[in-house]
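Listed here are the chains, written in short residue letters.
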Amino acid sequence: MIEQSPKLIHAFGALAELGQEVANKNNFQETIRTSLHLLSGALGIMRGGVARYSRYAREMNMLAVRGLGDEFPLSLSVCVEDERQFLANGLNVIDARAARVLPFFQVYATSFERRRVELFVPLVIRDEIVGGLFLGEKATGEEYSSYEKEIICAMGRHIGVAISQRNLLAEIERHSEENRKLFDDLRRTYADTVKAFATAIDCKDKYTEGHSVRVGKYTELIATELEWSPEQVEGAATAGYLHDVGKLTVERKIINAPYRINAKESAELNKHPTVGYEILQAIHHPFTDVPLAAKYHHERLDGRGYPDGLYDREIPYIAKIVNLADSFDAMTTDRPYKARRPAIDVVDDLRRNAGKQFAPELVIAFMRGILRELKSETKDRRFRRLLGREYMEAEGLMPAISSALNELEPTSTLTYIAVNQAQ
Amino acid sequence: MTENTSFDPDPAVGTPSAQSAIVIAGDYLNKLTGEKIERECRDKLNAGAREIVVDFSETEIINSIGISILLGVIDDAQNAGAKVVFSDLKPESAELFDMLGLTKHVTIQ
Ligand SMILES: [Fe+2]
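This one's a predicted model, so the numbers in the text were calculated from it and none came from an experiment.

Scoring rules and cut-offs
- Residues numbered from 1 in each chain as written.
- Chains lettered and ligands numbered in written order.
- Predicted model: local features only at pLDDT ≥ 70, side-chain atom pairs only at ≥ 80, totals over all residues.
- Heavy atoms only, no water.
- Contact = heavy atoms within 4.5 Å.
- Buried area = accessible area lost by both parts, 1.4 Å probe.
- Salt bridge = Lys/Arg side-chain N within 4 Å of Asp/Glu carboxyl O.
- Polar contact = N/O pair within 3.5 Å; in protein donor to acceptor, adjacent residues only side chain to side chain.
- Helix = DSSP H or I, 4+ residues; strand = E, 2+ residues; numbered from the N terminus.
- Buried < 20%, exposed > 50% of the residue type's maximum accessible area, 1.4 Å probe, protein only.
- Pairing = 2+ DSSP bridges.
- Axes fitted to C-alpha atoms, helices over the stretch in contact; angles between N-to-C directions.
- Parallel < 35°, antiparallel > 145°, perpendicular 65-115°, else oblique.
- Left-handed = near helix turned anticlockwise from the far one by under 90°.
- Nonpolar A, V, L, I, M, F, W, Y, C, P; charged D, E, K, R; others polar.
- pLDDT = per-residue confidence, 0-100.
- Patch = residues over 30% accessible without salt bridge, like charges linked within 9 Å, V, L, I, M, F, W, Y side chains within 5 Å.
- Areas by Shrake-Rupley, 256 points an atom, 1.4 Å probe, with all protein chains shown as cover.
- Lys, Arg positive; Asp, Glu negative; His and termini not counted.
- Charge placed at Lys NZ, Arg CZ, Asp CG, Glu CD.
- Donors = N, O, S within 2.8 Å, 3.2 Å for Na, K, Ca; no water.
- Tetrahedral: all angles 85-135°; square planar, octahedral: opposite > 155°, others 65-115°.
- Phe/Tyr/Trp six-rings, centres within 6.5 Å; stacked < 30°, edge-to-face > 60°.
- Lys NZ or Arg CZ within 6 Å of the ring centre and 35° of its normal.

1. A short note on the interface of chain A and chain B
You'll often see interface size given as the accessible area lost when the parts meet.
No. 1: Opposite the 23 residues of chain A that make contact, chain B presents 22 residues.
No. 2: Both faces considered, chain A and chain B share a buried interface measuring about 1800 Å² in area, 56% of it formed by carbon and sulfur atoms.
No. 3: Asp75 of chain B is the partner of Arg47 of chain A in a salt bridge, and the nearest nitrogen-oxygen pair spans 2.9 Å.
No. 4: Our count for the contact surface shared by chain A and chain B stands at 9 residue pairs in polar contact (both at pLDDT 80 or more).

2. With respect to the pattern of salt bridges
Residues and elements named next belong to chain A.
No. 1: Under the definition given, this model contains 36 salt bridges over all chains.
No. 2: Ionic pairing is found between Asp185 and Arg188, a salt bridge with its closest N-O pair at 2.9 Å. Of the two residues, Asp185 and Arg188 both sit in helix H6 (residues 146–204), 3 residues apart, roughly one turn of that helix.
No. 3: A salt bridge links Asp312 to Lys320; the nearest nitrogen and oxygen atoms lie 3.3 Å apart. The burial state of Asp312 is the same as that of Lys320; both residues are buried.

3. Structural notes on the sheet that holds strand S2 (residues 59–66) of chain A
Residue and element names in this part refer to chain A.
No. 1: With antiparallel pairing, the 6 strands of this open sheet are ordered in space as S3-S2-S1-S6-S5-S4. Each of the sheet's edge strands pairs with one partner strand only, and the pair in question is strand S3 (75–77) and strand S4 (94–95).
No. 2: As judged from the 2 bridges shared by S4 and strand S5 (residues 117–125), these two strands associate in the antiparallel manner. Its bridge partner being in S5, Ile94 is matched across the sheet by Phe120.

4. Observations regarding the side chain of Glu83 of chain A
No. 1: Note on placement: Glu83 of chain A falls in helix H3 (residues 80–89).
No. 2: Relative accessible area serves as the criterion here: at 14%, Glu83 of chain A is assigned to the buried category.

5. Some details on the packing of helix H7 (residues 211–225) of chain A against helix H8 (residues 230–242) of chain A
Residue and element names in this part refer to chain A.
No. 1: It is the contact of H7 with H8, at a shortest axis distance of 7 Å, that shows an interaxial angle of 150 degrees. Classified by the angle their axes make, H7 and H8 are roughly antiparallel. By crossing handedness, the relation of H7 to H8 is classed as right-handed. Of the residues in H8, those in contact with Ser212, Val213, Val215, Gly216, Lys217, Thr219, Glu220, Ala223 and Thr224 of H7 are Val233, Ala236, Ala237, Gly240 and Tyr241.
No. 2: Of the residues belonging to the contact of H7 with H8, the class tally is 7 nonpolar, 5 polar and 2 charged.

6. A few points about the sheet that holds strand S4 (residues 106–108) of chain B
Paired through their backbone hydrogen bonds, the strands of a sheet run either parallel or antiparallel.
Residues and elements named next belong to chain B.
No. 1: On the basis of which strands lie adjacent, the open sheet formed by 4 strands has the order S1-S2-S3-S4 and parallel pairing. The sheet is open, and its two edges are formed by strand S1 (20–24) and S4, each paired on a single side. Neighbour-to-neighbour, the strand axes of the sheet open up by a mean angle of 25 degrees, direction not taken into account.
No. 2: Direction of pairing for S1 relative to strand S2 (residues 51–55): parallel, over a ladder of 5 bridges. When the bridges of S2 are listed, Val23 appears paired with Val54.

7. Some thoughts on the confidence of the model for chain B
All names here are of chain B.
No. 1: With 83% of its residues at a pLDDT of 70 or more, chain B has an overall mean of 83.
No. 2: Looking at the elements of chain B, mean pLDDT is at its lowest for S1, recorded as 88, and at its highest for strand S3 (residues 83–87), recorded as 95.
No. 3: The low-confidence segment residues 1–15 (pLDDT under 50) makes 21 contacts with residues lying over four places distant or belonging to another chain.
No. 4: Scoring of the predicted complex yields 0.57 for pTM and 0.83 for ipTM.

8. Looking at the confidence of the model for chain A
All names here are of chain A.
No. 1: Averaged over all residues, the pLDDT of chain A equals 87, while 94% of them reach at least 70.
No. 2: Within chain A, helix H19 (residues 416–422) has the poorest average pLDDT of any element, 38, and strand S6 (residues 128–136) the best, 97.
No. 3: Across residues 413–423 the pLDDT falls below 50, and counting only partners more than four positions away or on other chains, this stretch makes 16 contacts in the model.

9. Re a negative patch on the surface
No. 1: On the surface, Glu60, Glu92, Glu95 and Asp98 of chain B cluster together to form a negatively charged patch.
No. 2: With relative accessibility at 53%, the residue Asp98 of chain B sits in the exposed group.

10. Some points on the coordination of the iron ion
Each donor-metal-donor angle would ideally measure 109.5 degrees in four-coordinate tetrahedral geometry, or 90 or 180 degrees in six-coordinate octahedral geometry.
Residues and elements named next belong to chain A.
No. 1: On the protein side, the iron ion has Asp244 (OD), His272 (NE2), His297 (NE2) and His298 (NE2) as donor atoms, found 2.2 to 2.4 Å from it.
No. 2: For the iron ion, the 4 donor atoms are set out with angles of 76 to 159 degrees between them, so the coordination reads as irregular.
No. 3: Look at where the donors of the iron ion fall in the sequence and you get D-x27-H-x24-H-H. On the criterion of sequence distance, the pair formed by His272 in helix H11 (residues 272–281) and His297 in the loop between helix H12 (290–296) and helix H13 (317–332) is long-range, its members being 25 residues apart.
No. 4: Judged by relative accessible area, which is 2%, His272 ranks as buried.

11. Some words on the packing of H7 of chain A against H13 of chain A
Each packed pair of helices is defined by two parameters, the angle between the axes and the distance between the axes.
All names here are of chain A.
No. 1: Two elements in contact, H7 and H13, have axes separated by 8 Å at closest approach and are oriented at 125 degrees. If you check the angle between H7 and H13, you find them oblique. H13 is crossed by H7, and the crossing has right-handed handedness. For the pair formed by H7 and H13, the contact residues are His211, Arg214, Val215, Tyr218, Thr219 and Ile222 on the first element and Ile321, Val322, Leu324, Ala325, Asp326, Phe328, Asp329 and Thr332 on the second.
No. 2: Tallied by class, the residues present in the contact of H7 with H13 amount to 8 nonpolar, 3 polar and 3 charged.

12. Structural notes on the side chain of His10 of chain A
No. 1: Tracing the chain through its elements places His10 of chain A in helix H1 (residues 5–23).
No. 2: Polar side-chain contacts of His10 of chain A include one of 3.4 Å to the side chain of Ser64 of chain B.
No. 3: If we skip the residues at most four places from it in the chain, His10 of chain A touches Gly41 and Ala42 of chain A together with Asn63, Ser64, Ile67, Leu96, Met99 and Leu100 of chain B.

13. Here we look at the packing of aromatic side chains
Residue and element names in this part refer to chain A.
No. 1: Applying the stated rule across the entire model yields 23 aromatic pairs over all chains.
No. 2: Measuring from ring centre to ring centre gives 6.0 Å for Phe72 and Phe134, while their planes differ by 75 degrees; the resulting arrangement is edge-to-face. Of the two residues, Phe72 sits in the loop between S2 and S3 while Phe134 sits in strand S6, which places them 62 residues apart along the sequence. Each member of the pair Phe72 and Phe134 is classed as buried.
No. 3: Ring plane angle 35 degrees and centroid distance 6.2 Å describe the contact between Trp228 and Tyr317, whose orientation is recorded as tilted. Remark: Tyr317 occurs in helix H13 and Trp228 occurs in the loop between H7 and H8; sequence separation between them is 89 residues.
No. 4: Judged by its relative accessible area of 34%, Tyr317 falls in the partly exposed class.
No. 5: Taken together through their ring pairs, the aromatic side chains of Phe72, Phe86, Phe104, Phe105, Tyr108, Phe112, Phe120 and Phe134 make up a single cluster.
No. 6: Over the face of the ring belonging to Tyr144 we find Lys138, whose NZ or CZ atom lies 5.7 Å from the ring centre.

Encoded structure:
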């Protein structure tokens, strides 16, 4: 034993290096190649190979080979019986010649003998076969001693762990890829559902056909003009699509009344923001502002809106956007009791009501969007598609928007919050 | 097929005979880069060398990777029917080679 101690020290040096190699997040292939070198060099083994086990294919696929030659198979199949025996054996050395009862050693007997592969170690990590070690004869020509077999197992465990880690990593990567796809699918499904819902809301209101869908689109245009992130724009659009969801519970005859509705009917209709909020609050949305947009889309900066008569900064930003989109669509589409107003009138209305009903910075963003399209600075003609070409080409529209933009100040000059608190 | 690497035989050192080739082990031996030495030897064997002389004059210590690479050189040479000579080996290295059985396959100079 004393004369073996330098050997032992040399082997332990290799073991320590192998542990380090596996711990370092190096290239996996290089780690495996280095591992095989360390193992061969630790004990003076002439040839060998490290394989990774594929559970699905039941194959030992060579990751690194030394001195096994071109004829040695790079992929060795394992049968159910072999698998069971390897698992029962655990991470321990198997003498290839003594294990001839197993199909694995019978099938590959010629290959093993030709390259003098004497030992096989199934790399069993946590009751799972992750790979295998194939080891040839020692340079001394001597038999493997029991302590050498122990060193082989210790090093095999390191290699097995490296393979196992690699497998886990690959699995995580695959899962995250699947998750991303799944998430994208869900988002698409959600967006489709939202649009389908908007269409359903609009069906109830035959005179304002397509209102929710258009409000969704105007809301999206405003959010885009505000340079929000794609996700925020999507959230804003959703808020627009669903803002009138509460109308689903309002009697059809009130919504479709071809006249100005009376006070009682008006009170009934005015419940729709709160009802909408309650409906949307019960749904788990990817965008948190959606229920708030429904609840407060009829609020005005000057506190004269409903249901809560909120002032300026008390109103959620998203609700201000939807309010502008909603009002713009109401002005630019025919209603049962009112024909749509000319574009220049609408621009004038927006300008005059900026700071009263609408947030000035939003009016600016909206008008800037229209103007950019009129000047052909945008890729797609989204306003034209929503409003019609003729409407958009109205005489003097461009100068009207330009002068309104010059006049508007981006920040709200109102101090409604103070007024509200004083009341 | 001569790779322009630092362990190429130095022309100044010269070749002992037409059938003999010298490779300098250097300190590349102990890393994965040492595999270049194996390729170098294989090239020389393919070119008809009957003897590979591995020069250890620039090699201080040899670790397990180095041993493995030298075993690869020995294996390739034996398959080609050529012999391997180790020259200028440090005593500690010679002891290690003896212990691991490398000396059974090579001539030490
Ligand atoms: Fe509404």
